[in-house]
Amino acid sequence: MRLKIENEIEKIHNKYLASAEEIVSGYERENTLSKDYEGRQMFELLQNADDEAFGSEGKVLVSFDGTRLSISNTGTPFSFAGIKSLLYPNASPKKIHANKIGCKGLGFRSILTWATQITVATQEFTVQFSQDYAKDFLERILEENPSLKDEIKSLSKEQYPVATLTCPRIIEEQMLVEGFDTTIIIDCRHNLSSDIENQIKSLEFEELVFLPNLKKIEIICKEDYHKVFFKVVQENEASIESEDKLTGVCESADWVLYRTSGSLIDENGKDRDYEFIVAYDPSGKHTGEVLYSYFKTDVKLAFPALIHGTFELTSDRNSLQKGSVVNKKLIELLSDFLVETAVKISESNAECNYNPLKLVIASDMDIVLSQMFGLDQKLRDKAKEKRILPTISG
């Protein structure tokens, strides 16, 4: 493994040695991609952990002491292909696996805005990335080819415009947390400590509902926060519990899961798999305010349930791609699924109430969903054809 990584480092060294454009364009691309995910760093880290947790205990340990953030997970260890996805943007192995949520290399770049140094540790290797080491890497290249200095100056105002994740170093120290298969360690910028703390503590029950592989998330944040989240799924029911290790307080939520999946043809004539899940809390205690694509987006969708769909999102994973042919088809399918789900809930209700009807009448819907994709009207039209209203006789 070490030799493979060293060979890739040598390839990048030779590429940079021959081209100032390669150096600067890599730096600019990395900056753009890292800023795209601002505010979603913890989501991206948990997403990566979930993708690799298939077939394992599905455990994650998150620990933050104010200066260092550590995320450890069970499952498939960070691989050589994973390292290459960091070295080369848009070359993630997830792209060819339908059961993977995102792209490891792209999502991983989100933490660059937090980090002064990033360490990836497995049983087989430990690799570090830092701005200081990237600067040293570039200085060695400039010593070998001094003519690059003027070329770089003409392309960038930065003194050292080199991508951090293209300049790894292999270290001998074993930093893998015992009981896990991969550990990501982020030495954080001191001025961002409160932002990181807030993002960690804002994680809620719902973040586990749609993740297929994670079953336990333990979060330790400084000295005043220590919670463990558990998920148990049996057929179409999910139970999520949280335990506050400091106060002993336990909370729980039970969800009924309604699922559908299939494939459609995209604008290039290729098959695209899709999935919808509606997580419904019969007690009415937990409702949805936004659309989920595994995690929360910024797309407003207020229903008495959580709604997940594998939509095409913008690069920051917060909004729907407005011109997407796939999304247009998915909205049509989603409207069918929501009406069908409302009917099933209505038929299963022991009490006479209007909760199923609320599933097709959003109290708040994003303008993109309602006006550009017409979801609001589609739901109303299709609901008229179905028996959703409660009746005394059932």
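Quick note: structure is the one above.
As a starting point, this report considers the structure included with it. (Residues numbered from 1 in each chain as written. Predicted model: local features only at pLDDT ≥ 70, side-chain atom pairs only at ≥ 80, totals over all residues. Heavy atoms only, no water.)

1. What to know about the packing of helix H2 (residues 20–36) against helix H7 (residues 148–155)
So, point 1. In contact at an axis separation of 9 Å, H2 and H7 are set at 40° when each is read in the N-to-C sense. Judged by the inter-axis angle, H2 sits oblique to H7. Crossing of H2 against H7: the hand is right-handed. Along the contact surface, H2 presents Ala-20, Glu-21, Ile-23 and Val-24, while H7 presents Leu-148, Glu-151, Ile-152 and Leu-155. (Axes fitted to C-alpha atoms, helices over the stretch in contact; angles between N-to-C directions. Helix = DSSP H or I, 4+ residues; strand = E, 2+ residues; numbered from the N terminus. Parallel < 35°, antiparallel > 145°, perpendicular 65-115°, else oblique. Left-handed = near helix turned anticlockwise from the far one by under 90°. Contact = heavy atoms within 4.5 Å.)

2. So, the pattern of salt bridges
So, point 1. Inspection of the entire model under this criterion finds 15 salt bridges.
So, point 2. A salt bridge links Lys-245 to Glu-243; its shortest N-O distance comes to 3.7 Å.
So, point 3. Taking the shortest distance from any N to any O, the salt bridge between Glu-312 and Arg-272 comes out at 2.7 Å. One end of the pair, Glu-312, is in the loop between strand S14 (306–309) and helix H9 (325–348); the other, Arg-272, is in strand S11 (residues 271–280), with 40 residues separating them in the sequence.
So, point 4. With a relative accessible area of 14%, Glu-312 lands in the buried category.
So, point 5. In this structure, a network of salt bridges that share partners links the residues Glu-197, Lys-201, Lys-222 and Asp-224. (Salt bridge = Lys/Arg side-chain N within 4 Å of Asp/Glu carboxyl O. Buried < 20%, exposed > 50% of the residue type's maximum accessible area, 1.4 Å probe, protein only.)

3. As for the environment of Ala-362
So, point 1. Position of Ala-362 among the secondary structure elements: in the loop between helix H10 (355–358) and strand S15 (364–365).
So, point 2. Between the C-alpha atom of Ala-362 and that of Lys-300, which follows or precedes it by 62 residues, the distance is 9.6 Å.
So, point 3. Apart from the residues within four sequence positions on either side, Ala-362 is in contact with Ala-302 and Phe-303.

4. What about helix H1 (residues 2–18)?
So, point 1. The end-to-end C-alpha separation of H1 is 25 Å, in line with the 24 Å expected for 17 residues at 1.5 Å each.
So, point 2. Along H1, the residues that are buried comprise Ile-5, Glu-8, Ile-9, Ile-12, His-13 and Tyr-16. Taken end-on, H1 shows its buried residues confined to a sector of 145°, consistent with a single buried face. Opposite the packed face of H1, turned more than 90 degrees from it, sit the exposed residues Leu-3 and Ala-18.
So, point 3. Here the buried face of H1 lies against H2, helix H4 (80–87), strand S4 (126–130), helix H6 (131–144), H7 and strand S5 (169–170). (Expected span 1.5 Å × (residues − 1). Arc of directions from axis to C-beta.)

5. Regarding a negative patch on the surface
So, point 1. Where like charges cluster on the molecular surface, the negative patch consists of Glu-21, Glu-22, Asp-150 and Glu-151.
So, point 2. When contributions to the negative patch are tallied by element, the ones reaching two or more residues are H2 and H7.
So, point 3. Within the element layout of this structure, Glu-22 appears in helix H2. (Patch = residues over 30% accessible without salt bridge, like charges linked within 9 Å, V, L, I, M, F, W, Y side chains within 5 Å. Areas by Shrake-Rupley, 256 points an atom, 1.4 Å probe, with all protein chains shown as cover. Lys, Arg positive; Asp, Glu negative; His and termini not counted. Charge placed at Lys NZ, Arg CZ, Asp CG, Glu CD.)

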